[in-house]
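# Structural overview
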Amino acid sequence: MPGIKYEDFLDLGYTPAESELVCTFHVEPAADMDMEDAASRVASESSNGTWAELQVEGSITDLSATTFSIEGNEVKVAYPDALFEDGSMPQVLSCIAGNIMGMKAVERIRLLDCDWPEPLTTSFPGPQFGSGVRNEIFDAGERPITATVPKPKVGLSTDQHAQIGYEAWVGGLDLLKDDENLTDQEFNPFADRLTQSLAMRDDAQDETGEKKSYLVNITADTNTMLERADMVAEQGCEYVMVDVITTGWGAVQSVRERCEELGLAIHAHRAMHAAFDRIPSHGVSMRVLAQIARICGVDQLHTGTADLGKLENEDTVGINEWLYSDLYGMNDVLPVASGGLHPGLVAELIDREGTNICIQAGGGVHGHPDGTRAGAAALRQSVDATVADIPLEAYAEDHPELKVALDKWGTETPR
Ligand SMILES: O=C(O)[C@H](O)COP(=O)(O)O
Ligand SMILES: [Mg+2]
């Protein structure tokens, strides 16, 4: 009997069913291959085909993906729901971003976008709080929430780190954030940092009358992360932070499950995303990584600074819009703008991204000439001014911390 071959995965007259996952790829075929061949191999290798014509008894085509559109280098592939294990992001990615990324049939391939169908999407929990953190955890009203990461990113002792947190909270910021590579090193052990920072947090809350919280980085192997999440909840913190790309999505899913029991929100740092998304013609777009993060259930996610900060960013505004969009009733995600921000950039940032965000600055707070407390005050003042529709320069006239920050950094993008 005839076997299943890669050409069977191409049908340009096909209309995907509503239950199918539709993926859009940028495909550059190998030099010796035409586009239709390459595009059908993408559908084949990412579902249930391989390079050889298979001589297998019975039909397995009900699990096959179909390339149904080719426009220039843009290829659309539909995947049947039965191909996927419900609630397993690693399995989904082993299909749609697996072997095909290294297949010799393509010179370059990038997963650009996904159209997530209801059955697969709702087999995941999604965020527990999403952008609701702004008013469920804090009382931020219409303003963005604010955060700072102590710098240097590693090397501060526990005492120094907690003291910087205190200065930042009292200066006016909502959140202290660990840096992505600070976890449980000898110079600043996790358990001590958690306890001391929360003690400082309590003092800062008493002094300011405002709610404060701490994004403590629990990143590690999965079991250790779960133990750390338990400690965080026991000690009365509201959040855990996870480096979601370096830990992997299976681990994120386990943390999400535990955080449901513990009532903790998840702050997702995206360190290493650029290994997937920086080369525009290859890899997995940040847009898709953000979709995965929402579906797996993080509450806050770094999505860039709409080109205002120090890091290369891909379509922050479009990604944020997707994170807020309707998705079968699933909660949204609060976008975090971070990487090279300072008070002088806040008005333009809010103009580009809106107020339903978290604004995070490290160097732009601790590099303030008068220190962390003044830097925190300046960042908060820049937010308050912008939300009240007052130009930063005008607000700075009677807010000296903001004035000093504007004199130092102006409205320049750093490098
Ligand atoms: O983890 C982050 O988001 C960065 O460390 C931000 O640091 P920066 O504000 O100093 O660029
Ligand atoms: Mg960092």
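Residues numbered from 1 in each chain as written. Chains lettered and ligands numbered in written order. Predicted model: local features only at pLDDT ≥ 70, side-chain atom pairs only at ≥ 80, totals over all residues.

Take the overall build of the protein chain next. Counting its regular elements, the protein chain contains 17 helices and 13 strands. What you see for the protein chain is a C-alpha radius of gyration of 23 Å, in line with the 22 Å of a compact globule of 415 residues. Principal-axis analysis of the C-alpha atoms places the extent of the protein chain at approximately 80 × 45 × 35 Å. Within the protein chain, buried positions represent 51% of all 415 residues. Across the protein chain, every contact between residues at least 6 apart in sequence was considered, and the portion connecting residues at least 24 apart equals 75%. (Helix = DSSP H or I, 4+ residues; strand = E, 2+ residues; numbered from the N terminus. Rg over C-alpha atoms; globule rule 2.2 N^0.38 Å. Buried ≥ 20, exposed ≤ 12 C-beta atoms within 10 Å, placed from the backbone. Contact = placed C-beta atoms within 7 Å.)

A few words on the sheet that holds strand β3 (residues 74–79). If you trace the five strands from one edge of the open sheet to the other, you get β2-β3-β1-β4-β10, paired in mixed fashion. What marks the edges here is a single partner per strand, and that holds for β2 (66–71) and β10 (283–284). Against the sheet, helix α1 (residues 35–46) touches β1 (21–29), β2, β3 and β4 (106–115), its axis set at about 145° to β2. Across the sheet, helix α11 (residues 286–296) is in contact with β4 and β10; its angle to β4 comes to roughly 45°. (Pairing = 2+ DSSP bridges. Axes fitted to C-alpha atoms, helices over the stretch in contact; angles between N-to-C directions.)

Attention now moves to helix α5 (residues 158–171). Over its 14 residues, α5 extends 20 Å from the first C-alpha to the last, a length consistent with the 20 Å expected when each residue adds 1.5 Å. Counting buried residues along α5, ten of its 14 residues qualify, which places the element largely inside the surrounding structure. All of the buried residues along α5 are H161, A162, I164, G165, Y166, E167, A168, W169, V170 and G171. Looking at the packing, one finds that the buried side of α5 touches β5 (145–148), β6 (175–177), α6 (190–208), β7 (213–215), α14 (363–366) and α15 (372–387). (Expected span 1.5 Å × (residues − 1).)

Turning to unusual backbone geometry, a few remarks are in order. The omega torsion of the bond from K151 to P152 falls at 0°, within 30 degrees of zero and hence cis. Turning to its location among the elements, P152 is positioned in the loop between β5 and α5. The phi dihedral of M272 is positive, around 90°, even though this residue is not glycine. With respect to the element layout, M272 can be found in the loop between β9 (265–269) and α10 (273–277). Overall, M272 belongs to the partly exposed group, with 13 C-beta atoms counted inside 10 Å. Even without glycine at this site, D389 takes up a positive phi of about 65°. Mapped onto the elements, D389 comes out in the loop between α15 and α16 (392–396). Among the residues examined, D389 registers 7 C-beta atoms within 10 Å and is labelled exposed.

Moving on to the domain arrangement of the protein chain. A common measure of how large an interface is: the accessible area buried when the components associate. Each assigned domain of the protein chain is listed with its residue range as follows: domain 1 (6–121) and domain 2 (130–409). Computed from C-alpha atoms alone, the centre-to-centre distance between domain 1 and domain 2 is 36 Å. Among the secondary structure elements, those contributing two or more residues to the side of domain 1 that touches domain 2 are β1, α2 (89–96), β4 and α3 (118–121). Ranked by the residues each element gives to the side of domain 1 that touches domain 2, the list is headed by β4, at seven residues. (Domains from an automatic or database assignment.)

Taken together, 15 residues form the shell around ligand 1, and within it S338, G340, A361, G362 and G363 come nearest. Its residues placed into classes, the shell around ligand 1 shows three nonpolar, seven polar and five charged. (Near = placed C-beta within 6 Å. Nonpolar A, V, L, I, M, F, W, Y, C, P; charged D, E, K, R; others polar.)

The subject of this paragraph is the sheet that holds β5. Read from one edge of the open sheet, eight strands run β7-β6-β5-β13-β12-β11-β9-β8, paired in parallel fashion. Of all the strands in the sheet, the pair left with one neighbour each is β7 and β8 (239–243). Neighbour to neighbour, the strand axes of the sheet diverge by 25° on average, direction disregarded. Bridging between β5 and β6 involves two bridges; their strand directions are parallel. Within the sheet, the bridge partner assigned to A147 lies in β6 and is L175.

Let us now look at the pairing of β8. Burial of β8 is extensive: five of the five residues sit out of reach of the surface. The side-chain alternation of β8 yields two buried faces, one formed by Y239, M241 and D243 and the other by V240 and V242. Sheet topology places β8 next to β9; five bridges connect them, and they run parallel. Considered in β9, the bridge of V240 is made with I266.

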